[in-house]
Amino acid sequence: MDDNNINLNENNRANHTQNYYEVPYSQEIRREVLYRQKPVVVYILIAINIAMWAVLNLVSLKTGRSYNKLLIDFGAKVNIDILKGEYWRFITPIFLHADITHLIVNCYSLYAVGPIVETIYGRTKFLFIYLTAGFFGSLLSFMFSINPSVGASGAIFGLLGALLYFGIEFPNLFKVYFGRSILITLAINLGYGLINTGIDNLGHIGGLLGGFIASGIVQVRGNRKGKWIVNRTIFIVLIFVVTISGLIYGFNYGNNSVLLKVEELYELDTNQNWEEAASLGEELLKQKLIDKGLNIEVLWLTIKSEAITGNYNKAVEYAKVLVELSPRDGHYMLGIVYYDMGQFELAKEELQKAKRLNAPYSNIDELIRSIEAR
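Quick summary incoming for the structure in this document.

The rules behind these values
Numbers given to residues run from 1 along each chain, matching the order in which its sequence is written. Residue-level local features of this predicted model are given only where pLDDT is at least 70; pairs of side-chain atoms are given and counted only at 80 or more, and the full residue set underlies all totals for whole chains, interfaces and linings. Heavy atoms from the whole structure form the basis of all side-chain values; hydrogens and water molecules are not counted. Criterion for a salt bridge: a side-chain nitrogen of Lys or Arg within 4 Å of a carboxyl oxygen of Asp or Glu. By the criteria applied, helices consist of DSSP H or I runs no shorter than four residues and strands consist of E runs no shorter than two, each listed in order from the N terminus. Each patch is assembled from residues with relative accessible area greater than 30% and no salt bridge, linking like charges that lie within 9 Å and nonpolar side chains (Val, Leu, Ile, Met, Phe, Trp, Tyr) that lie within 5 Å. Only the protein chains shown count as cover for residues, with accessible areas throughout obtained via the Shrake-Rupley method and a probe of 1.4 Å. His is not counted, nor are the chain ends; Lys and Arg add positive charge and Asp and Glu add negative charge. To locate a charge, the coordinates of NZ of Lys, CZ of Arg, CG of Asp or CD of Glu are taken. Here the nonpolar core consists of buried residues drawn from Ala, Val, Leu, Ile, Met, Phe, Trp, Tyr and Cys, with membership extended through side-chain atoms lying within 4.5 Å. When a residue's accessible area, from a 1.4 Å probe over protein chains only, is under 20% of the maximum for its type it is buried; when over 50% it is exposed; and in between it is partly exposed. Whether two residues are in contact is decided by their heavy atoms: any pair within 4.5 Å suffices. Two rings belonging to Phe, Tyr or Trp (six-membered ring only in the last case) form a pair when the distance between their centres is within 6.5 Å. Interplanar angles under 30 degrees mark stacking, angles over 60 mark edge-to-face geometry, and anything in between is tilted. By definition, being over a ring means that NZ of Lys or CZ of Arg is both within 6 Å of the ring centre and within 35 degrees of the ring normal.

Now for the pattern of salt bridges. Under the definition given, this model contains 12 salt bridges. Between glutamate 283 and lysine 261 there is a salt bridge whose closest N-O contact spans 2.8 Å. One end of the pair, glutamate 283, is in helix α14 (residues 274–286); the other, lysine 261, is in helix α13 (residues 256–270), and 22 residues separate them in sequence. In this structure, the salt-bridge partner of aspartate 365 is lysine 355, at a minimum N-O distance of 2.8 Å.

Listed below in structure tokens is the structure:
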């Protein structure tokens, strides 16, 4: 019996040695990391989101100013304002929401993901990850999209990035507690964002990247031997490189590089400096603007300026380009140009096309009646 006991003990020691980095280690992590402290910051963030929504609605009710305009005033990501020096707009959008549905969805998402991330990383690290992810979401959106945006979703995607980083430090625990569900959640949300034009998917991707890098800086328990990929220095260098290169690109290239000129074009139009407006409009159109909405705006103002200064051939040329981009706007402007040229049958034809496309211009019927009365 003694020999059997000795053999059994030796087998137990062998099994213990083999599983040293799995069973005992996992128990330690569950105690010291997964149940480190109760989450607090996540609920404060949810409260701030709700409070901001309530304040903006109250201000809107008291002043009569539209909620959407108040979003701009209170810090939505607006590229032209960032270009003018309002750099806080990289952070403030994560506390603003477009409507009640947007608010509910993001607060629920934060409630679902936030507590576990805060528990794993601790309160200070969690807040750093959240804010960094929000900044990166706004930065990537600033780089590649000129559309205004608000919402905490970029920062929330950053929390998913934090869980992905957790999987690098503790792959076995990641598989047990998160694993495939996180990857499926990411795939579904990114895929949904790609097929819906109203969603700022760039902000989601930026937030995911920012959350992952920020987690590599603060880390769960620090560097571990044999894992170069969790070297904090790598992530510190990475965050500086990505941030600086992103800001350089955002402020100097892409559609942002022409936004200030478009702003100037609007000022020239307001001040009725038609010749200068036509010249600047032509300059902008030669740059072949990528953003469709921006292109439509520039075409509209250029057509108007060309027609007023008597350059009807150019006005017609640009109006036909506008027809390709936005048929109802293009046919309407082409009708207006033909009307000013005295080519009333062509003007009537174009205006009727615009009417059939439900162009939102109240003077279409009046212009058509005016032509028919001639």
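There's more to say after this.
Another aspect to go through is a negative patch on the surface. Taken together, the side chains of Glu264, Glu267, Glu275 and Glu276 make up a negatively charged region of the molecular surface. Elements with a contribution of two residues or more to the negative patch: α13 and α14. Note that glutamate 276 resides in helix α14.

Here the focus is the nonpolar core. Counting 91 residues, the largest nonpolar core has Leu110, Val117, Tyr121, Tyr130, Leu159, Phe166 and Ile303 as the members making the most contacts within it. If near-sequence neighbours (up to four positions away) are discounted, leucine 159 is found in contact with Leu110, Val113, Gly114, Val117, Phe126, Ile129 and Tyr130.

Turning next to the packing of aromatic side chains. Two aromatic rings, taken as a pair, are described by how far apart their centres are and by the angle between their planes. Throughout the structure, instances matching the rule amount to 17 aromatic pairs. Seen from their ring centres, phenylalanine 90 and phenylalanine 142 are 5.4 Å apart, and the 85 degrees between their planes marks the pair as edge-to-face. Of this pair, phenylalanine 90 sits in the loop between α5 (79–83) and α6 (100–121) while phenylalanine 142 sits in helix α7 (residues 123–144), and the two are 52 residues apart along the sequence. Centroid distance phenylalanine 144 to tyrosine 249: 5.3 Å. Interplanar angle 40 degrees. Geometry classified as tilted. With phenylalanine 144 in helix α7 and tyrosine 249 in helix α12 (residues 232–252), this residue pair connects regions lying 105 residues apart in the sequence. We classify phenylalanine 144 as partly exposed; its relative accessible area is 45%. Given the relative accessible area of 29%, tyrosine 249 is considered partly exposed. One aromatic cluster is present, built from ring pairs that chain together Tyr87, Phe90, Phe135, Phe136, Phe142 and Phe251. The side chain of arginine 374 reaches across the aromatic face of phenylalanine 344, ending 4.0 Å from its centre.

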